[in-house]
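Topology and contacts: notes
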Amino acid sequence: QVQLVESGGGLVQPGGSLRLSCAASGSIFRINVMGWYRQAPGKQRELVATIVSGSYTNYADSVKGRFTISRDNAENTVYLRMNNLQPGDTAVYYCLIVGNTGTYWGQGTQVTVSS
């Protein structure tokens, strides 16, 4: 059984910053890909950023230059640093982990950008 615990969401004003965390625990011995997706009301879930085991990163065009994904392999944790947040970033953010035992999703954390 693998569990993902997300934290760090909340309400922030435009131009503000947040850092999301997602920690994996349980029977997962090798993590290949870690990432973040988001889903806004009435829209499909979309990719935000991914990071593979060799630290290669990939970002959605809409967040390039503002968001930074990183990982702590020793702690099986992935982070998403979000700067210069805009109302269009409002969504539920989900972490994703692809490992040797399967693909796992976090429960989601709400990020709301509003003045």
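Okay, so let's go over this structure. Quantities reported herein were computed from a predicted structural model and do not represent experimental measurements. (Residues numbered from 1 in each chain as written. Predicted model: local features only at pLDDT ≥ 70, side-chain atom pairs only at ≥ 80, totals over all residues. Heavy atoms only, no water.)

Some points on the overall build of the chain
Secondary structure summary: the chain contains zero helices and eleven strands in total. Across the chain, helices and strands are ordered from the amino to the carboxyl terminus as β-β-β-β-β-β-β-β-β-β-β. Computed over its C-alpha atoms, the radius of gyration of the chain comes to 14 Å, within 12% of the 13 Å expected for a compact globule of 115 residues. Projected onto its principal axes, the C-alpha coordinates of the chain cover approximately 45 × 25 × 25 Å. Relative to its 115 residues, the chain shows a buried fraction of 42%. By sequence separation, contacts in the chain at least 24 residues apart represent 54% of the contacts at least 6 residues apart. Carbon and sulfur atoms provide 46% of the accessible area of the chain, an area that totals close to 6,000 Å². With 9 positive and 6 negative side-chain charges, the chain shows a spacing of 3 Å between the two charge centroids. (Helix = DSSP H or I, 4+ residues; strand = E, 2+ residues; numbered from the N terminus. Rg over C-alpha atoms; globule rule 2.2 N^0.38 Å. Buried < 20%, exposed > 50% of the residue type's maximum accessible area, 1.4 Å probe, protein only. Contact = heavy atoms within 4.5 Å. Areas by Shrake-Rupley, 256 points an atom, 1.4 Å probe, with all protein chains shown as cover. Lys, Arg positive; Asp, Glu negative; His and termini not counted. Charge placed at Lys NZ, Arg CZ, Asp CG, Glu CD.)

Some remarks on the pattern of salt bridges
Within the structure shown, the criterion is met by four salt bridges. One salt bridge in this structure joins Arg66 and Asp89, with 2.8 Å as the shortest N-O distance. Of this pair, Arg66 sits in the loop between strand S6 (57-59) and strand S7 (67-72) while Asp89 sits in the loop between strand S8 (77-82) and strand S9 (91-99), and the two are 23 residues apart along the sequence. Across the pair, exposure class does not vary: Arg66 and Asp89 are buried alike. Taken together, the shared-partner salt bridges in this structure form one network comprising Arg38, Glu46, Arg66 and Asp89. (Salt bridge = Lys/Arg side-chain N within 4 Å of Asp/Glu carboxyl O.)

Considerations on the sheet that holds strand S1 (residues 2-7)
Pairing is antiparallel in the open sheet, where four strands are placed in the order S1-S3-S8-S7. Taken across any chain shown, the strands that pair with only one partner, and hence form the sheet edges, are S1 and S7. Averaged over neighbouring strand pairs, the angle between their axes works out to 15 degrees when direction is ignored. Judged from the six bridges that link them, S1 and strand S3 (residues 18-26) form a sheet pairing that is antiparallel. When the bridges of S3 are listed, Glu6 appears paired with Cys22. (Pairing = 2+ DSSP bridges. Axes fitted to C-alpha atoms, helices over the stretch in contact; angles between N-to-C directions.)

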